[in-house]
Amino acid sequence: DDQRFEMVLPGGVQLEGENPEKIVFLQALDGPRLQYLSQTEAADYRHVPYFNIPWPYSRDQNLLGDRLQSNGKSYLTGISAHSASRIVYPLDGRFRRFEAEVALDDIAGRQGSVVFGVYLVRGGELQEVFASTILRGGDPSQAVTVALEGATHLALVVDYADRGDELDHANWLDARLVK
């Protein structure tokens, strides 16, 4: 119910408590066909603060260390970054495409506004291959699918939109490389 959580597992194991989110943990699926970016080391990260407040990027949690959540939905995997930032990942030719959903984290409320961009390095040239519309807090997520053929690096960019960097808590949800 709303006040208490109880679960009985096979073998008689019983879990109980007041907050089911602290008891139940679901492991994200991965396997030979995909690799989550949150489990991948970035080759480079750069954040340009608007008012000299640096923000590191986060893996599998939002920028304040809580669960990734957008539009009331929780996500187990993803990358969280603040505007204006760039995260670069090396590619080794094993993956055919990059997929994710982009949205602002629910901690932004109805505030925050960003533009997401995906860039690839192909033949030594930097190419923009995806640009979102301006996304604001509470907006539905946008799907991202990018072909990686011939690319040596993938860059995820979050940039300012309406009001500088005010509450620009951007999420790359379920960000993954797919074979």
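This structure is a prediction, so every number in the text was calculated from the model and none was measured.

**Q** Any chance you could break down the overall build of the chain for me, citing the residues and the numbers?
**A** In terms of regular secondary structure, the chain is built from 1 helix and 16 strands. The buried share of the chain, taken over its 179 residues, is 39%. Residue pairs in contact within the chain that sit at least 24 positions apart in sequence constitute 71% of those at least 6 positions apart. Summed over its atoms, the accessible surface of the chain is roughly 9900 Å², and 50% of this surface lies on carbon and sulfur atoms.

**Q** So what about the environment of Leu126? Which residues, and what values?
**A** Here Leu126 is to be found in strand β12 (residues 125-131). Sequence separation of Leu126 and Ala151 is 25 residues, and the distance between their C-alpha atoms is 9.6 Å.

**Q** Hey, could you go over a nonpolar patch on the surface for me, with residue numbers and the actual values?
**A** Taken together, the side chains of Tyr50, Phe51 and Ile53 make up a nonpolar region of the molecular surface, amounting to roughly 360 Å² of accessible area. When its relative accessible area of 62% is taken as the criterion, Phe51 is described as exposed.

**Q** Before we move on, can you summarise unusual backbone geometry with the specific residues and values?
**A** With an omega dihedral of -20°, the bond running from Ser83 to Ala84 counts as a cis peptide bond. For Ala84, the location among the structural elements is in the loop between β8 (78-82) and β9 (85-90). Not every positive phi belongs to a glycine, and Leu167 is a case in point at roughly 55°. Considering the arrangement of structural elements, one finds Leu167 in the loop between β15 (151-160) and β16 (169-178).

**Q** Go over the side chain of Ser132 with me, naming the residues and quoting the values.
**A** Topologically, Ser132 is positioned in the loop between β12 and β13 (135-136). Polar contacts involving the side chain of Ser132 include one to the main-chain amide nitrogen of Phe116, which spans 2.9 Å. Residues contacting Ser132, with those up to four places away along its chain left out, are Val115, Phe116 and Gln142.

Procedures and definitions
Residues numbered from 1 in each chain as written. Predicted model: local features only at pLDDT ≥ 70, side-chain atom pairs only at ≥ 80, totals over all residues. Heavy atoms only, no water. Helix = DSSP H or I, 4+ residues; strand = E, 2+ residues; numbered from the N terminus. Buried < 20%, exposed > 50% of the residue type's maximum accessible area, 1.4 Å probe, protein only. Contact = heavy atoms within 4.5 Å. Areas by Shrake-Rupley, 256 points an atom, 1.4 Å probe, with all protein chains shown as cover. Patch = residues over 30% accessible without salt bridge, like charges linked within 9 Å, V, L, I, M, F, W, Y side chains within 5 Å. Salt bridge = Lys/Arg side-chain N within 4 Å of Asp/Glu carboxyl O. Polar contact = N/O pair within 3.5 Å; in protein donor to acceptor, adjacent residues only side chain to side chain.

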